[in-house]
Amino acid sequence: MQGERPFDLLNKAIGQKVMIRLKNGDEIRGKVSSFDAHMNMVIDDAEEVGDDGGSKAKLGTILLRGGNILFVSPV
Amino acid sequence: MQGERPFDLLNKAIGQKVMIRLKNGDEIRGKVSSFDAHMNMVIDDAEEVGDDGGSKAKLGTILLRGGNILFVSPV
Amino acid sequence: MQGERPFDLLNKAIGQKVMIRLKNGDEIRGKVSSFDAHMNMVIDDAEEVGDDGGSKAKLGTILLRGGNILFVSPV
Amino acid sequence: MQGERPFDLLNKAIGQKVMIRLKNGDEIRGKVSSFDAHMNMVIDDAEEVGDDGGSKAKLGTILLRGGNILFVSPV
Amino acid sequence: MQGERPFDLLNKAIGQKVMIRLKNGDEIRGKVSSFDAHMNMVIDDAEEVGDDGGSKAKLGTILLRGGNILFVSPV
Amino acid sequence: MQGERPFDLLNKAIGQKVMIRLKNGDEIRGKVSSFDAHMNMVIDDAEEVGDDGGSKAKLGTILLRGGNILFVSPV
Amino acid sequence: MQGERPFDLLNKAIGQKVMIRLKNGDEIRGKVSSFDAHMNMVIDDAEEVGDDGGSKAKLGTILLRGGNILFVSPV
């Protein structure tokens, strides 16, 4: 539709840390390893973020299904 | 179907501020950077809007999945 | 399937006022500017309608995702 | 799959009164004006039906998104 | 995948009585008149079944959207 | 993607007893008669399983829509 | 989109133990036997994980529908 496309943000985020807000309200932080056209993402050093912004649980490397994502934000 | 199409509104909104109402009732304000055919959008200077209309949280740049959107409105 | 098709109603509604009932129970009133095959619609002078039938909030021009719509009715 | 197909019921219902049960439990009564392959329907003289079976609200002509329908029944 | 296919059950059920459990927990009983590849079904002499297994409401002939079905069982 | 594929489990389960956990939390036990690519399954001698693991209701033969399934397990 | 793709994680996980978080909040642990493009997975020695991280129920081998998955993590 125009020069820049939304997924360019994910491309630039490879190897970088992002915060992911899920549809169920939970937040996951970690480093983007890869993604595909469904927004499925592999996140390294993933951790669930508690309500106070601190780490609630270490998840290690995860494959996250894109359909659960509300938004992704580089941090 | 007719001359004007709904996504023309997004095209004209590039670089402009919009308010986005999500299906879960939350509102996000920010500047449209890009969008695609699924209404996925990159929003710059994004912030969550509280019930009083004020900023609740600064989100920075986000990639928002289009499927979560109720409506988008230029502000 | 037959001469008349459901989307003809939207075509005739361009420039006219409609009431839109959403799946979440909310109602939006405004003037149809454009629509597409997914029932995405641009509505001008949109306003949320309160339980008493009066205007609850002015939304201006909005791009509404069709998947949120229960029904559309010319008023 | 066989001679008769489910949508034949809608074809025969054009110009006739039907009762439509929605997924959210609500009921709408009115006259079928047109329909398409997604079960989107234009209903004339539509009215919402209350729990007592009486008319709760006159809706006039509506374009109903098929995805909200539980079942349609000629009355 | 193999000789017998699940929809063969519906084919054999044409003209026969079935019980249909819906996703919302409700049950409908009646005679299968026709069906299509989306499991949309026309049911004759349909009736809603109450918690005690008795008839709660006569629905007559209905066109049921397949997406609402949990399972269908010949009775 | 690799030699073995998930649906091979269903193929081997034809004529065998399985336990099916549904998305709504309910469990159904019975013998697999057939299945298709949507995981629609015909189950013979189906019974709903109560919280104590015992039979809650005999369902006979059912056609179960695949979209309602959480997982299937040979027993 | 780039060299590495998210499903490579599943490929490397064949024969390995993973933790699967479901959309409904439940967790399942077990060994990946196979998967397909919908993220349907056959898991051997599957067990449901209780809130305390211990085993709540042995499930044996299961075919899990991919649409129920929130994320998969090698353990």
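Residues numbered from 1 in each chain as written. Chains lettered and ligands numbered in written order. Predicted model: local features only at pLDDT ≥ 70, side-chain atom pairs only at ≥ 80, totals over all residues. Heavy atoms only, no water.

1. Here's the deal with unusual backbone geometry
- One non-glycine residue with positive phi stands out, namely Met39(B), at about 70°.
- Within the fold, Met39(B) resides in the loop between β2 (27–35) and β3 (41–49).
- For Met39(B), a relative accessible area of 1% puts it in the buried group.
- Even without glycine at this site, Asp45(D) takes up a positive phi of about 50°.
- Inspection of the secondary structure assignment puts Asp45(D) in strand β3 (residues 41–49). (Helix = DSSP H or I, 4+ residues; strand = E, 2+ residues; numbered from the N terminus. Buried < 20%, exposed > 50% of the residue type's maximum accessible area, 1.4 Å probe, protein only.)

2. A look at the interface of chain D and chain E
- In this complex, chain D contributes 20 residues to the contact, which on the side of chain E involves 21 residues.
- A combined buried area of about 1,700 Å² lies between chain D and chain E, and 62% of that area is made up of carbon and sulfur atoms.
- At the junction of chain D and chain E, the tally comes to 1 salt bridge.
- Glu48(E) is the salt-bridge partner of Arg21(D), the closest N and O atoms lying 3.1 Å from each other.
- Put simply, chain D and chain E have 9 residue pairs in polar contact (both at pLDDT 80 or more) between them.
- Elements with a minimum of two residues in the side of chain D that touches chain E: α1 (8–13) and β5 (69–74) of chain D.
- By residue number, the principal contributor to the side of chain D that touches chain E is β5(D), which donates 6 residues.
- In the sheet, β5(D) pairs with strand β4 (residues 55–64) of chain E via 2 bridges, with the strands oriented antiparallel. Within β4(E), the residue paired with Val72(D) across the bridge is Leu63(E). (Contact = heavy atoms within 4.5 Å. Buried area = accessible area lost by both parts, 1.4 Å probe. Salt bridge = Lys/Arg side-chain N within 4 Å of Asp/Glu carboxyl O. Polar contact = N/O pair within 3.5 Å; in protein donor to acceptor, adjacent residues only side chain to side chain. Pairing = 2+ DSSP bridges.)

3. A word on the side chain of Arg21(E)
- You can see Arg21(E) is positioned in strand β1 (residues 17–22).
- Of the residues examined, Arg21(E) reaches a relative accessible area of 10% and is grouped as buried.
- A distance of 2.8 Å separates a polar atom in the side chain of Arg21(E) from a polar atom in the side chain of Glu27(E).
- In terms of polar contacts, Arg21(E) uses its side chain to reach the side chain of Glu48(F), at 3.1 Å.

4. What about the interface of chain B and chain A?
- Counting residues at the interface gives 21 residues for chain B, matched by 20 residues for chain A.
- The largest share of the area that chain B buries against chain A comes from Leu63(B), Arg65(B) and Asn68(B), three residues that together contribute 38% of it.
- Linking chain B with chain A are 1 salt bridge, by the criterion used here.
- Across the chain B-chain A interface, the total number found is 9 residue pairs in polar contact (both at pLDDT 80 or more).
- Elements with a minimum of two residues in the side of chain B that touches chain A: β2, β3 and β4 (55–64) of chain B.
- For the side of chain B that touches chain A, the leading source of residues is β4(B), giving 5 residues.
- Here the residues of the side of chain B that touches chain A sort into 12 nonpolar, 6 polar and 3 charged. (Nonpolar A, V, L, I, M, F, W, Y, C, P; charged D, E, K, R; others polar.)

5. What to know about the layout of surface pockets
- Size it by volume and the largest pocket reaches roughly 630 Å³.
- If you trace the largest pocket, you find 28 residues lining it, with Phe7(C), Asp36(C), Ala37(C), His38(C) and Met39(C) closest to the centre.
- Of the residues assigned to the lining of the largest pocket, the class counts are 8 nonpolar, 11 polar and 9 charged.
- Estimates place the volume of the second largest pocket at around 450 Å³.
- If you trace the second largest pocket, you find 26 residues lining it, with Ala37(F), His38(F), Gly66(F), Gly67(F) and Arg65(G) closest to the centre.
- Of the residues contributing to the lining of the second largest pocket, the split by class is 7 nonpolar, 12 polar and 7 charged. (1 Å grid on protein atoms, 1.4 Å probe; cavity = no way out; pocket = protein on both sides within 12 Å on 5 of 7 lines; lining within 4 Å. Points joined across faces, edges and corners; volume = space filled by probe spheres on them.)

6. Topic: the environment of Ile62(G)
- For Ile62(G), the position within the fold is in strand β4 (residues 55–64).
- For the pair Ile62(G) and Lys12(G), spaced 50 residues apart in sequence, the C-alpha separation works out to 19 Å.
- Look past the residues within four positions of Ile62(G) in its chain and what remains in contact with it is Leu9(F), Phe71(F), Val72(F), Ser73(F), Ile28(G), Met41(G), Val42(G), Ile43(G) and Ala46(G).

7. A word on the pattern of salt bridges
Residue and element names in this part refer to chain A.
- Tallying each qualifying case throughout the model produces 35 salt bridges over all chains.
- Put simply, Glu4 and Lys12 hold a salt bridge, and the shortest N to O gap is 3.1 Å.
- Residue classification places Glu4 among the partly exposed residues on the basis of a relative accessible area of 36%.
- Classification of Lys12 by relative accessible area gives exposed; the value is 58%.

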